[in-house]
Amino acid sequence: MYSDLLNALPEVVGLTNFAAVVIGVIAGIVVGAMPGLSATMAISVLVPFTFGLEPLVALGLMAGIYNGAMYGGAIPAVLLRIPGTPAAVATTFDGYPMAQKGEGGFALQVAVVSSAIGGIASAFALMLLAPPLSKVTLLFGPSEVFWVAVFGLASIIFLLGGNPVKGLISACFGVFVSVVGSDPIYGSDRFTFGQLELLDGINIVILLVGLYALPPVIDLLETPLKTDGVNSSKLGTEPIWRTLPRMFRFWKTWIRSSIIGIWIGILPGAGGSMAAFMSYNEARRASKTPDTWGNGEPEGVAASETANNADTASALIPALTLGIPGTAVAAVMLGGLLVHGLQPGPMLFRDNPDVVFGFMWQFLFGAILLILLGGSLATNSFARLLNLPRPLLGSVIIVLMLIGVYSIHGRMFDVYLMLGFGAIGWVMDKLKFPLPPVVLGLILGGFAEENLRLALRIGRGDWLVLFSNTTSLILVALTVAVIVGPLIKRRFVNKRAQETAG
Amino acid sequence: MSDHHTPRLLRPETLTALGIIVAAAAFLAPTTTLRPISALLPAVMLGGLIVLSVLLLIADQRKASAGEDAVSMTRSPKRVIGAFGLILGYALATDLLGFYPSTAASIPLVAWLFGYRNPLGLAVATVIVVGTIWLIFDFGMSQDFPTGLLWKE
């Protein structure tokens with residue numbers, strides 16, 4: 001089962017593939033360090049540029065960016081109390097007080113080492129858990145695959161929390177976008193309105209760039225944020241090899257937070273910020289000196305940074321094996337796989353083992369590289385990124401978005417379509433409609449329809465074929481549980497709250 | 001900006017729900033010309049969008065009745081409209097005038113309008129960005145960019 005993993009290693013350590021991870025990590029740290037930019041946005045902008053690249057090079061860039069950005073978010077969190085990414089909020093609790101005491105450099109070193117440890121643990125979890133899960137899912141037929149798609153959609157909508165109606169609207173919108181173009185069986189046009197550009201359907205990259213890149217750019221231009229005044233003299237940085245012995249006392253926190261991060265990553269809809277908060281709370285509860293937390297306790301930085309990086313690769317376990325991403329970044333990464341003709345799900349492991357296992361190694365290398373590239377010298381340089389003017393940054397990102405989308409098919413139609421999706425994405429963002437269900441709907445919608453129709457053909461039009469075996473029934477039961485569970489829990493919590501108030 | 005006095009029908013969530021209902025109903029019409037199996041998924045999704053939007057509408061109107069404030073979309077509407085307008089203008093200019101002239105004008109224009117007003121910084125940034133794009137995409141990857149519809153004719 002794991003032989004494919006070892007077979008994929010030689011290609012990953014090739015110069016081009018390795019360079020892609022290095023560039024990805026640096027780019028990720030840069031992106032994460034800039035408040036308002038996220039890994040999701042960076043990967044969305046990057047995906048169209050990877051069309052001409054080998055799949056492993058493209059995936060190496062993505063793995064590097066994901067790892068780098070999760071750490072990069074700690075830089076403004078520590079220095080300015082502005083989390084660079086949502087997952088870095090918990091890092092501000094102790095990181096910023098440390099910077100106020102002149103220990104900003106040490107806080108960032110704790111962050112980078114903890115991020116690397118979390119990332120390494122997460123990559124190992126992906127390597128160990130994904131292959132056996134894929135073996136099981138390889139046994140699935142069309143009806144089971146259809147139910148997996150339905151389960152995926154249901155889980156991301158109902159486990160995301162918030163408002164299920166908005167989540168469902170997002171998912172319906174995503175699935176609707178997936179049906180635009182030629183019908184997969186009969187070839188008849190659906191919602192193309194005579195536009196030849198729509199015959200092949202809507203490319204996922206256009207949707208990704210519109211939804212995930214345009215709204216943050218509008219935010220960058222909308223809110224003038226002053227971030228000047230950061231210089232290396234405030235950091236008090238020592239070489240990282242001298243400070244490492246001071247960190248060894250965090251070993252219990254590193255293990256605990258890695259487990260929490262991996263677990264949260266596997267759960268659909270949770271994400272890095274929940275992992276970081278949960279890990280911070282657990283570490284504080286286990287601490288012998290909980291009173292010092294919040295006033296510059298380095299262990300607090302270690303707890304949150306380990307967990308938010310441990311969430312990265314593990315979020316890809318359900319994404320790669322079942323096609324169900326655990327986080328928004330994982331959803332965008334699935335889009336990245338699709339543009340290279342790699343359909344996430346069990347077949348990926350059978351048809352492209354070199355790519356999928358190579359991707360896992362790249363996650364591991366990306367996490368290890370964090371210590372080297374995000375070490376003390378680099379941290380001083382990355383801190384200066386905070387002085388970049390936001391309007392200039394916004395205008396450059398707009399240009400990159402246009403180039404990326406135009407280069408897919410070499411036509412401006414796609415750019416206008418992307419702007420349309422961007423406007424929709426901005427409204428959704430402001431009204432708190434979750435965006436991952438849209439992407440998942442686009443990925444799983446076509447997949448579900450194709451398998452539904454295949455199952456119906458096998459069953460000669462009998463819909464009962466969808467419920468004809470135990471695996472399908474289990475998947476139906478899981479889907480119902482995912483939908484009904486949170487509703488029952490909410491009712492139970494409300495009842496208890498009323499009783500308490502009464 | 002307080003949205004306390006937003007009229008009930010102009011609340012952002014209500015407007016969004018109404019917009020979705022109208023758009024979904026308009027898209028539902030073409031499904032009648034499709035084979036039933038081809039129309040199944042889109043019709044279910046569009047029907048779902050209509051039903052869910054009605055629920056969203058009702059929920060928002062209930063909030064309005066209870067005196068809850070409408071969701072605030074932006075603190076500076078002028079900046080948001082300006083940003084969208086400039087991005088659309090950049091895309092149209094690229095289509096009509098070509099990629100390089102539009103980009104060379106848009107980068108400093110957008111940055112200047114939104115608050116970065118250092119002429120030297122703008123000039124240097126524009127030269128670096130446009131030069132790097134030319135070097136990587138045009139020279140290195142032979143990527144074609146729009147040359148401008150105006151010049152073609």
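Scroll up to find the structure.
Keep in mind it's a predicted model, so treat the numbers as computed, not measured. (Residues numbered from 1 in each chain as written. Chains lettered and ligands numbered in written order. Predicted model: local features only at pLDDT ≥ 70, side-chain atom pairs only at ≥ 80, totals over all residues. Heavy atoms only, no water.)

Draft legend 1. Looking closely at the interface of chain B and chain A. Contact residues are listed per partner, giving 54 residues for chain B and 50 residues for chain A. Both faces combined, the contact of chain B with chain A buries some 4700 Å², and carbon together with sulfur accounts for 82% of it. Residue Lys166(A) is joined to Glu13(B) by a salt bridge in which the shortest nitrogen-to-oxygen separation is 2.5 Å. Our count for the contact surface shared by chain B and chain A stands at 8 residue pairs in polar contact (both at pLDDT 80 or more). Taken together, the elements giving at least two residues each to the side of chain B that touches chain A come down to α1 (12-28), α2 (36-65), α3 (77-97), α4 (99-113) and α5 (119-140) of chain B. A breakdown of the residues in the side of chain B that touches chain A according to their chemical character gives 38 nonpolar, 10 polar and 6 charged. (Contact = heavy atoms within 4.5 Å. Buried area = accessible area lost by both parts, 1.4 Å probe. Salt bridge = Lys/Arg side-chain N within 4 Å of Asp/Glu carboxyl O. Polar contact = N/O pair within 3.5 Å; in protein donor to acceptor, adjacent residues only side chain to side chain. Helix = DSSP H or I, 4+ residues; strand = E, 2+ residues; numbered from the N terminus. Nonpolar A, V, L, I, M, F, W, Y, C, P; charged D, E, K, R; others polar.)

Draft legend 2. Structural view of the packing of helix α8 (residues 104-137) of chain A against helix α12 (residues 240-247) of chain A. Residue and element names in this part refer to chain A. Two elements in contact, α8 and α12, have axes whose closest approach is 10 Å; the angle formed by their N-to-C orientations is 75°. One finds that α8 runs roughly perpendicular with respect to α12. Facing Phe106, Gln109, Val110, Val112 and Val113 of α8, the residues of α12 in contact are Ile240, Thr243, Leu244, Arg246 and Met247. Of the residues contributing to the contact of α8 with α12, the split by class is 7 nonpolar, 2 polar and 1 charged. (Axes fitted to C-alpha atoms, helices over the stretch in contact; angles between N-to-C directions. Parallel < 35°, antiparallel > 145°, perpendicular 65-115°, else oblique.)

Draft legend 3. Region of interest: the pattern of salt bridges. Residues and elements named next belong to chain A. Counted under the stated rule, the structure contains 11 salt bridges over all chains. Two residues, Glu282 and Arg285, come together in a salt bridge whose shortest N-O distance is 2.9 Å. Pair noted here: Glu282 and Arg285 are both in helix α14 (residues 272-286), with a separation of 3 residues, about one helical turn. Owing to a relative accessible area of 27%, Glu282 belongs among the partly exposed residues under this scheme. Sharing partners across several salt bridges, the network here consists of Asp183, Arg190, Glu449 and Arg453. (Buried < 20%, exposed > 50% of the residue type's maximum accessible area, 1.4 Å probe, protein only.)

Draft legend 4. Structural context of the side chain of Arg190(A). Of note, Arg190(A) is situated in strand β2 (residues 189-190). According to the relative accessible area criterion, Arg190(A) is buried, its value standing at 2%. A polar side-chain atom of Arg190(A) sits 3.3 Å from the main-chain carbonyl oxygen of Val179(A). A polar atom in the side chain of Arg190(A) sits 2.8 Å from the side chain of Glu449(A). Residues within four places of Arg190(A) in sequence aside, it is in contact with Val179(A), Val180(A), Gly181(A), Asp183(A), Pro184(A), Glu449(A), Arg453(A), Leu34(B), Ser38(B) and Pro42(B).

Draft legend 5. Examining helix α5 (residues 55-72) of chain A more closely. Between its first and last C-alpha atoms α5(A) spans 25 Å; for 18 residues at 1.5 Å apiece the expected length is 26 Å, and the two agree. The element α5(A) is largely enclosed, with a buried count of 17 among its 18 residues. (Expected span 1.5 Å × (residues − 1).)

Draft legend 6. Looking closely at helix α7 (residues 89-100) of chain A. Residue and element names in this part refer to chain A. In a regular helix each residue adds 1.5 Å, so 12 residues correspond to 16 Å; α7 covers 17 Å between its end C-alpha atoms and thus fits that length. Burial within α7 is extensive, with 9 of its 12 residues counted as buried. When we look at burial in α7, the residues that qualify are Ala90, Thr91, Thr92, Asp94, Gly95, Tyr96, Pro97, Met98 and Ala99. Buried-residue contacts for α7 involve α6 (74-80), α8, α14 and α15 (298-314). Phi for Gly102, located one or two positions after α7, is positive at around 85°.

Draft legend 7. Molecular detail of the layout of surface pockets. The volume enclosed by the second largest pocket comes to roughly 1200 Å³. In terms of lining, the second largest pocket is formed by 35 residues, of which the most central are Ala27(A), Val31(A), Val45(A), Val396(A) and Leu400(A). Listed by contribution, the elements that provide at least two residues to the lining of the second largest pocket are α3 (15-33), α4 (39-46), α5 and α21 (390-409) of chain A together with α5 of chain B. Tallying contributions element by element places α3(A) first for the lining of the second largest pocket, with 8 residues. Its residues assigned to classes, the lining of the second largest pocket comprises 32 nonpolar, 3 polar and no charged. (1 Å grid on protein atoms, 1.4 Å probe; cavity = no way out; pocket = protein on both sides within 12 Å on 5 of 7 lines; lining within 4 Å. Points joined across faces, edges and corners; volume = space filled by probe spheres on them.)

So yeah, pure geometry; function would need other evidence.
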